[in-house]
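Overview (structure and organization)
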Amino acid sequence: MTLEIEAPKVENPWMKIAGKYKDDTQFDEMLEYIEEYRRELDADNETREIRVE
């Protein structure tokens, strides 16, 4: 016996905010700050690595 069940249509919750900042003039600047901070964290982590031999 075969039973076909259609999955319920579920809206992706991220779609509600997609494009929210497309016209925000400060969005690119914010991304630059995030990228700079991430580079700083990566550099700091590289200096803190403990090498186990």
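For the structure itself, look to the data block above.
This section reports on the structure supplied with the text. (Residues numbered from 1 in each chain as written. Predicted model: local features only at pLDDT ≥ 70, side-chain atom pairs only at ≥ 80, totals over all residues. Heavy atoms only, no water.)

1. Observations regarding the pattern of salt bridges
According to the stated counting rule, one finds one salt bridge in the structure shown. The salt bridge involving Arg-38 is made with Asp-42; its shortest N-O contact spans 3.2 Å. Placement of the pair is Arg-38 and Asp-42 together in helix α1 (residues 27-48), with a separation of four residues, close to one helical turn. Judged by relative accessible area, which is 53%, Arg-38 ranks as exposed. (Salt bridge = Lys/Arg side-chain N within 4 Å of Asp/Glu carboxyl O. Helix = DSSP H or I, 4+ residues; strand = E, 2+ residues; numbered from the N terminus. Buried < 20%, exposed > 50% of the residue type's maximum accessible area, 1.4 Å probe, protein only.)

2. Examining a negative patch on the surface
There is a patch of like negative charges on the surface, built from Asp-28, Glu-29, Glu-32, Glu-35, Glu-36 and Glu-40. For Glu-29, the location among the structural elements is in helix α1. We classify Glu-29 as partly exposed; its relative accessible area is 40%. (Patch = residues over 30% accessible without salt bridge, like charges linked within 9 Å, V, L, I, M, F, W, Y side chains within 5 Å. Areas by Shrake-Rupley, 256 points an atom, 1.4 Å probe, with all protein chains shown as cover. Lys, Arg positive; Asp, Glu negative; His and termini not counted. Charge placed at Lys NZ, Arg CZ, Asp CG, Glu CD.)

Limitation: the analysis is restricted to geometry and does not speak to function.
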